[in-house]
Amino acid sequence: MITTLAERPLELADLLGWLVEDGLIPNQLGETVQAVNQGARRSQHPLVMIAEHKWPDQRDPQNVLDLDRLTAWLAQRVGLPLMHIDPLKINVPAITAVMSYAYAKRFKIIALEVRPNEVTIATSEPFQREWQEELEPILNKQIRRVMANPVDIERYLVEFYSLSRAVRAAHDDRQDSGSSVQNLEQLMELGRSGKLDANDQHVVNIVDWLLQYAYSQRASDIHIEPTRNQTNIRFRIDGVMQMVYQIPPSVGTAVTSRIKILGRMDVSEKRRPQDGRLKTRSSQGREVELRLSTMPTAFGEKLVLRIFDPEVLVKDYRALGFSQSETDQWGSLINRPNGIILVTGPTGSGKTTTLYTTLKELARPEVNVCTVEDPIELVEPSFNQMQVQHNIELDFASGVRTLLRQDPDIIMIGEIRDRETAEMAVQASLTGHLVFSTLHTNDAPTAVTRLLEIGVPPYLLRATLLGVLGQRLTRTLCPHCKEQVSLNEELWDSLICPLRTKSKPSHVYQPSGCLECRQTGFYGRVGIYEMMMVSPAIKRLITPDCDVNMIRRLAISEGMRPLRLSGAQKVMKGLTTIEEVLKVAPPESIEE
C-alpha cells in the first residue's frame, strides 16, 4: 500500500498508525508509546524512537523491529527503493560535490551515486520533495530518490563531508608548497623531505579517519599506493583488496609522512624500505597494533599497515578452524618436552595467529617462552620477544644462539630461511627445548624435503621433527544470508576425487549478500589444516633422496587429512564454498 501525505516530516503518530494498520504492533501498544513520546517526537527521527523499544514483529515474533527492519518496511510502504549505505562503494569526492553539507544536513539527505544523467539521493523523509525540485535544475540531472536508515544518513553525512573537507584543505595548503610527485624521473631526489607538514590538522584528521575506518570495516591491511596522478588507499578485507579512496599525490605524501612519524620511522629517508610499529586505540576502546612497512616505488613511497588485533590471542583452536581431532593432535604435539614443530603456508595464511595462540596457551608462569622474530608481530607480555636486526648482524641464527643462553623452555623462531638457522633450531631441540618455527612450503609433507634441501642432515631431522601443520585461510560464508543449493557434482569431484572419498553431501551453501556482509556473501575467514604427525614409519622415509609423494601417501594412510579434504569438510558444514577451497588449497596436497 502506498501512502501519500502533504510535504512535511514524518510524525510518530503516522508511523504508529501504519504499524498497527499493517499488523506489526498491537493497537494498544501504539497508543501508549505515542502518549509517552509526545513531547520528544521532534528531537529524533520517529523510526529511531520506535526502534529503541525493540518490540517483536507481530507478524514474525522471532524477529525484533530494529531500525533496519523498520526502514525496509517504511520504504515498501511509501513505494521507494531501499538502499543500504556501503561506504566502500561510495565515491566521496563525487557525492560531496553534489550539494553543500549545510544543504544536505538541512534536509537530512545524502547523495550516494553520481551518473552522467542521474544522481541517486537517499532520504529518511519520504514526503519531503522541496529539495528535489530545487536540485534537479541546478544539477541538470534526474534525481532518483531512495530510502535509507536515518542513523546511517546522519553518520555518513558527517564522515564523508569532514573527510572531503580535510583532503581538499590539505591539497589547497600544498598547491604552492613546491612539493611535487616523486615519480620515476625524480628518484635521485627521494631523500629530500620537501615542505610537507605532516602535523597539519587536516592531515591528522585524514589519518585518524583512515585508521578508525579500517577497524570498523574489519580490514587486515591498509595500502597507501602512489601513482602518477593520485594516491590510492585500499583495504584488504577477508583476504580481498577493496578500493577505499583516492587522494591527490601531495596529500598522499603528507599522510604517509604522518604515519611514519607516528611509527617512529625516518621521515626524510624515502629511498630505502623501512619498518615500524604503531599502537592505537579504536573507538570501542580496544588497543590495536599496526606493523608499518614502506617501499620506494616509481611514483613515491608505498606504505602498508598490517593490523593486528590482540583479541586473536584469546581465540581457542576451534575458533581458528581446528576440528576436534586436529585440536587433540595439536595438543599432543605441543605438550612434548622437546623437538621441532613446524607451521607451513604462504604469507597471509594465518601462521602467526596459530603460533601466537599456541604460545599464549603454553606461556604459564612456570614456563619460559622466548621468541626471535622478524619483525615482532604482536607484543605479548607473557613472552620474551627479540627482534632480528640485520644492521647489527643479529639474524635468526645468532638470535637463537642468544636465546639458548637465556634458560628457555620453549623457543619460537619466526622463520627458518637458511642452513645456519635450521641447524640452530635442531641444536636447540636436541638440548631439550621445544622449538616452533615456520616454513614457506605448499603443504606439510614438503617441509621435510625443504629442510633437507637447506642442508639439515636426515639423521638429525629424524631425531628432532615432531610434526608439521600446513594451513590456509578461506573466506567463510555469511551466516545471515547464505543460501542452500544442490551440489555441483562435477565441481565436488574436482575437489576430492583424487582422494576417492565416497561420501557426498546432498546440498551445499553459496554466498548471497546482505547488510551484515556488505553484499559480499562472506564474513570473516577460517583456517583449513593438514596435520602430519612424524611417526616412526615416516621417519624411516626421511633419507637423503627421499620421495615427498611417498611421505604424503604414508601420512594420508596414517590419518593426515590433506588441505582440500579439510576444506571439503568445511564445505559440508556450510562454512565455505567449493570455489573458495579450490582457490587456496593446492592440488599437490592430495596427490596420490
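Residues numbered from 1 in each chain as written. Predicted model: local features only at pLDDT ≥ 70, side-chain atom pairs only at ≥ 80, totals over all residues. Heavy atoms only, no water.

### Things to note about the overall build of the protein chain
Right, so step 1: Helix and strand counts for the protein chain come out as 22 helices and 20 strands.
Right, so step 2: Buried positions account for 52% of the 592 residues belonging to the protein chain.
Right, so step 3: For the protein chain, the share of sequence-separated contacts (at least 6 apart) that also reach a separation of at least 24 residues comes to 65%.
Right, so step 4: A total of about 27,400 Å² of accessible surface is found on the protein chain, and carbon and sulfur atoms cover 49% of it. (Helix = DSSP H or I, 4+ residues; strand = E, 2+ residues; numbered from the N terminus. Buried < 20%, exposed > 50% of the residue type's maximum accessible area, 1.4 Å probe, protein only. Contact = heavy atoms within 4.5 Å. Areas by Shrake-Rupley, 256 points an atom, 1.4 Å probe, with all protein chains shown as cover.)

### With respect to the sheet that holds strand β12 (residues 339–344)
Right, so step 1: With respect to topology, seven strands assemble into an open sheet ordered β14-β13-β15-β16-β12-β17-β20, the strand pairing being mixed. Of all strands in the sheet, those with a lone pairing partner are β14 (384–387) and β20 (522–533), marking the two edges. Neighbour-to-neighbour, the strand axes of this sheet turn through a mean angle of 20°, independent of strand direction.
Right, so step 2: Sheet topology places β12 next to strand β17 (residues 465–477); five bridges connect them, and they run parallel. Residue isoleucine 340 lies in a different strand from β17, and its bridge partner there is leucine 465.
Right, so step 3: Packing against the sheet, helix α15 (residues 419–430) makes contact with β12, β15 (410–413) and β16 (434–439), and its axis sits at approximately 135° to β12.
Right, so step 4: Taken strand by strand, helix α21 (residues 563–572) contacts β17 and β20, and its axis lies near 140° from that of β20. (Pairing = 2+ DSSP bridges. Axes fitted to C-alpha atoms, helices over the stretch in contact; angles between N-to-C directions.)

### A closer look at the packing of helix α18 (residues 489–496) against α21
Right, so step 1: Where α18 meets α21, the axes come as close as 9 Å, and the angle between the chain directions of the two elements is 145°. Contact residues: α18 offers Trp492, Ser494, Leu495 and Ile496, while α21 offers Arg564, Ala568, Val571 and Met572.
Right, so step 2: Considering only residue class, the contact of α18 with α21 consists of six nonpolar, one polar and one charged. (Nonpolar A, V, L, I, M, F, W, Y, C, P; charged D, E, K, R; others polar.)

### Some points on the confidence of the model for the protein chain
Low-pLDDT portions of the prediction should not be read for the details of their coordinates.
Right, so step 1: Averaged over every residue, the pLDDT of the protein chain is 85; the share at 70 or more is 89%.
Right, so step 2: When mean pLDDT is taken per element in the protein chain, β12 scores highest with 96 and helix α2 (residues 27–36) scores lowest with 63.
Right, so step 3: A low-confidence stretch, residues 176–196 (pLDDT under 50), is modelled with 31 contacts involving residues beyond four sequence positions or located in other chains. (pLDDT = per-residue confidence, 0-100.)

### Overview of the packing of aromatic side chains
Right, so step 1: In total, this model carries eleven aromatic pairs according to the counting rule given.
Right, so step 2: Aromatic side chains phenylalanine 322 and tyrosine 529 sit 4.2 Å apart centroid to centroid with 35° between the ring planes, which places their arrangement in the tilted category. Remark: tyrosine 529 occurs in strand β20 and phenylalanine 322 occurs in the loop between α11 (317–320) and α12 (324–334); sequence separation between them is 207 residues. Of the two residues examined, phenylalanine 322 and tyrosine 529, each falls in the buried class.
Right, so step 3: Of the aromatic side chains, those joined through ring pairs into one cluster are Trp209, Tyr213, Phe235 and Tyr245.
Right, so step 4: When the ring centre of tyrosine 101 is taken as reference, the NZ or CZ atom of arginine 165 above it lies at 5.6 Å.
Right, so step 5: In this structure, arginine 218 packs its charged tip against the face of tyrosine 523, placed 4.0 Å from the ring centre. (Phe/Tyr/Trp six-rings, centres within 6.5 Å; stacked < 30°, edge-to-face > 60°. Lys NZ or Arg CZ within 6 Å of the ring centre and 35° of its normal.)

### Comments concerning the nonpolar core
Within soluble globular proteins, side chains that are nonpolar generally end up buried alongside one another.
Right, so step 1: Ranked by internal contacts, the top residues of the largest apolar core, which has 61 residues, are Met99, Ile110, Ile121, Ile222, Phe235, Val255 and Leu305.
Right, so step 2: Setting aside residues no more than four positions away along its own chain, phenylalanine 235 makes contact with Leu88, Leu210, Tyr213, Ala214, Gln217, Ala219, Asp221, Ile222, Val240, Met241, Gln242 and Val244.
Right, so step 3: Among the nonpolar cores identified, the runner-up in size contains 40 residues, and Val435, Met532, Val534 and Ile538 belong to it. (Core = buried A, V, L, I, M, F, W, Y, C linked by side-chain atoms within 4.5 Å.)

### As for the environment of valine 267
Right, so step 1: Along the chain, valine 267 falls in the loop between α10 (249–262) and β9 (274–281).
Right, so step 2: Valine 267 sits in the partly exposed class, given a relative accessible area of 23%.
Right, so step 3: Between the C-alpha atom of valine 267 and that of threonine 256, which follows or precedes it by eleven residues, the distance is 8.9 Å.
Right, so step 4: Non-local contacts of valine 267, meaning those with residues more than four positions away in its chain, are made with Ser257, Lys260 and Ile261.

### Some remarks on the pairing of strand β4 (residues 118–123)
Right, so step 1: Within β4, five of the six residues are buried, leaving the element largely enclosed by the surrounding structure.
Right, so step 2: Direction of pairing for strand β3 (residues 109–114) relative to β4: antiparallel, over a ladder of five bridges. Bridge pairing links alanine 111 to isoleucine 121 in β4.
Right, so step 3: Hairpin connection of β3 to β4: three residues between the antiparallel strands.

### Focus on the sheet that holds strand β10 (residues 287–297)
Right, so step 1: The sheet built from six strands is open, its strands ordered β8-β7-β6-β11-β10-β9 with antiparallel pairing. Looking at the sheet topology across the chains shown, the edges are occupied by β8 (240–247) and β9. The mean inter-strand angle of the sheet, taken between neighbouring strand axes irrespective of direction, is 20°.
Right, so step 2: For strand β7 (residues 231–237) and β8, the ladder comprises seven bridges, and the chain directions are antiparallel. Looking at the pairing, threonine 231 lines up with isoleucine 247 of β8.

### Some words on the pattern of salt bridges
Right, so step 1: Overall, the coordinates contain 26 salt bridges when judged by the stated rule.
Right, so step 2: For glutamate 326, the salt bridge goes to arginine 561, with nearest N and O atoms at 3.5 Å. Pair noted here: glutamate 326 is in helix α12 and arginine 561 is in the loop between α20 (548–557) and α21, with a separation of 235 residues, a long-range link.
Right, so step 3: Taking relative accessible area as the criterion, glutamate 326 reaches 4% and is therefore assigned buried.
Right, so step 4: A salt bridge links glutamate 580 to arginine 475; the nearest nitrogen and oxygen atoms lie 3.0 Å apart. Taken as a pair, glutamate 580 in helix α22 (residues 578–584) and arginine 475 in strand β17 lie far apart in primary sequence, 105 residues in all. Exposure class is identical for glutamate 580 and arginine 475. Each is buried.
Right, so step 5: Here the residues in one salt-bridge network are Arg277, Lys279, Glu287 and Glu289, joined through shared partners. (Salt bridge = Lys/Arg side-chain N within 4 Å of Asp/Glu carboxyl O.)

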